[in-house]
Amino acid sequence: VCAQHNPNGQIVVTSLADPYLVLIRDPVVQTELRLNDQQRQVIRALTDELDGPIWTLRNQSGEKATQLFQKLTATAESRMEQVLTAAQRKRLAQIRVSVYGLKALLRDDVAEKLDLSDQQRTQIRQVLEAAAKPTAESPQPAQDGQSPVKPARSQPPANTPQAQIAAILSRQQLDKVRDVLGPPVDASKVGYVKFKAPELDAKDGWLNSPPLTMSQLRGKVVALHFWTFG
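All residue numbers here refer to positions counted from 1 along the written sequence of the relevant chain. Per-residue local features of the predicted model are confined to residues with pLDDT of at least 70, and side-chain atom pairs are confined, for both listing and counting, to 80 or more; whole-chain, interface and lining totals are unaffected and use all residues. Side-chain numbers here rest on the full set of heavy atoms in the structure, without hydrogens or water.

Asks: With reference to specific residues and values, describe the nonpolar core.
Replies: Residues belong to one nonpolar core when they are buried, are Ala, Val, Leu, Ile, Met, Phe, Trp, Tyr or Cys, and are joined through side-chain atoms within 4.5 Å. Per-residue accessibility, obtained with a 1.4 Å probe over protein chains only, is compared with the maximum for each type, and a residue is labelled buried under 20%, exposed over 50%, and partly exposed between these values. Counting residues in each nonpolar core, the largest one holds 30 residues, and the members touching the most others are L21, V22, I24, V29, M80, L84 and L92. Counting from the N terminus, the helices are DSSP H or I runs at least four residues long and the strands are E runs at least two residues long. Elements represented by at least two residues in this core include exactly α1 (20-23), α2 (27-33), α3 (37-56), α4 (62-80) and α5 (86-98). Take this core: its biggest share by element is 5 residues, from α4. Listed in part, the 20 residues of the second largest apolar core include L128, I168, L174 and L181.

Asks: Could you give an account of the packing of α3 against α4, naming the residues involved and the relevant values?
Replies: Remark: α3 packs on α4, axes separated minimally by 11 Å, with the N-to-C direction vectors making an angle of 170°. Relative to α4, the element α3 is oriented roughly antiparallel. Taken as a pair, α3 and α4 cross one another with a handedness that is right-handed. Where α3 approaches α4, its residues I43, L46, E49, L50, P53 and I54 are matched on the opposing element by L72, T75, A76, R79 and M80. Lines fitted to the C-alpha atoms define the axes, with helices restricted to the stretch that makes contact. Angles between their N-to-C directions range from 0 to 180 degrees. Note on terminology: angles under 35 degrees are roughly parallel, angles over 145 are roughly antiparallel, angles of 65 to 115 are roughly perpendicular, and the others are oblique. Each crossing is labelled by how the near helix is turned from the far one, with a counterclockwise turn of less than a right angle marking it left-handed and a clockwise turn marking it right-handed. In what follows, a contact means two residues having at least one pair of non-hydrogen atoms within 4.5 Å.

Asks: Can you break down a nonpolar patch on the surface residue by residue, with the values?
Replies: Nonpolar side chains collect at one region of the surface, where V222, L224 and F226 lie side by side and expose about 350 Å² of accessible area between them. In this fold, V222 is placed in the segment after α10 (214-217). Note on patches: the residues involved have over 30% relative accessible area and no salt bridge, like charges join within 9 Å, and the nonpolar side chains Val, Leu, Ile, Met, Phe, Trp and Tyr join within 5 Å. Only the protein chains shown count as covering a residue, and every accessible area follows the Shrake-Rupley method with a 1.4 Å probe. Salt bridges, as used here, are contacts in which a Lys or Arg side-chain nitrogen is within 4 Å of a carboxyl oxygen on Asp or Glu.

Asks: Residue-level account of the pattern of salt bridges, with values.
Replies: On inspection of all chains with the given rule, the structure shows 11 salt bridges. The salt bridge involving D18 is made with R96; its shortest N-O contact spans 2.6 Å. Here D18, found in the segment before α1, pairs with R96, found in helix α5; they are 78 residues apart in sequence, far enough to count as distant. Owing to a relative accessible area of 17%, D18 belongs among the buried residues under this scheme. For R96, a relative accessible area of 15% gives the class buried. Residues K176 and D115 are paired through a salt bridge, measuring 2.4 Å at the closest nitrogen-oxygen approach. Separated by 61 residues along the polypeptide, K176 in helix α9 (residues 171-181) and D115 in the loop between α6 (108-113) and α7 (118-131) bring together distant segments of the chain. One continuous salt-bridge network, built from bridges that share partners, spans D18, E77 and R96.

Asks: Describe the side chain of T73, naming the residues involved and giving the relevant values.
Replies: Mapped onto the elements, T73 comes out in helix α4. Since its relative accessible area comes to 4%, T73 is described here as buried. The term polar contact refers here to a pair of N or O atoms within 3.5 Å; inside protein, the definition further demands a hydrogen-donor-capable atom paired with an acceptor-capable atom, and it admits residues adjacent in sequence only when both atoms are side-chain atoms. Within polar-contact distance, the side chain of T73 engages the backbone oxygen of F69 at 2.9 Å. Apart from residues no more than four positions distant in its own chain, T73 is found in contact with D18, Y20, L21 and R96.

Asks: Quick one: what's the story with α3, residue by residue and with numbers?
Replies: End to end, α3 covers 30 Å across 20 residues, agreeing with the expected 28 Å (1.5 Å per residue, within 8%). Where α3 is buried, its residues touch α1, α2, α4 and α5. The N-cap residue of α3 is N36: its side-chain oxygen and the backbone nitrogen of Q38 are 3.1 Å apart. Here the expected span of a helix is defined as 1.5 Å times the quantity of residues minus one.

Asks: Got a sec to walk through the layout of surface pockets? Specific residues and values, please.
Replies: A cavity, in this analysis, means grid points on a 1 Å lattice covering only the protein atoms where a 1.4 Å probe fits yet has no way out; a pocket is instead an open set bounded by protein on both sides within 12 Å along at least five of seven lines, and a residue lines either one if it has an atom within 4 Å of a point. Grid points are joined across faces, edges and corners, and a volume is the space filled by probe spheres set on the points. Of the volumes computed, that of the largest pocket is approximately 1,600 Å³. Lining the largest pocket are 38 residues, and of these P198, E199, L200, M214 and L224 lie nearest its centre. Looking at the lining of the largest pocket, the elements with two or more residues in it are α2, α3 and α10. In terms of residue count, the dominant contributor to the lining of the largest pocket is α3 (6 residues). Its residues assigned to classes, the lining of the largest pocket comprises 20 nonpolar, 7 polar and 11 charged. Polar here means any residue outside two lists: the nonpolar Ala, Val, Leu, Ile, Met, Phe, Trp, Tyr, Cys and Pro, and the charged Asp, Glu, Lys and Arg; Gly therefore counts as polar.

Listed below in structure tokens is the structure:
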């Protein structure tokens, strides 16, 4: 979970397996949740606490990093239960799903909420796989962050992934989409977040100075020289 590959400093939340740890600190999401100052402070303390372990994931294998990331996410969810109101938790859950775009319908939790049958899930997967491979007949692939299905009465243009999926779902399921997604969120504006820098950990001791902490260095220009052999 790092923005180093994004020159503009934005984490592409639609590319994450689970964006929860990004969303809870995102200014756009926090505004959408209408958090008060106390809630923002508590969440900031929580994310600062979790950021240390998040940074260490960079040094773990893919499988272990995934397991630890899921554990940190579960910890955050549990703590957020005590911070957010029921209405705020529901809205956060909606945003968490909606940023996935069309592929949200492939999530087990969403399929359960919409009562999708195995056949419907297979059909939706086929539509999305076909949309991801543009051809002369369908030059526009499904975009991440695109609303899965617009539950409004006006139908989307024919032959688009949204129209094809809408045809797969029943009227009752289309009605449930509104509750699962809530008001639309522009995923392109989400992801401009910050993570607390880890402390400088000199396991073999410090040279030319006593141990330094981030609080001591705050507001100062610091040059880090990484010196290693091999």
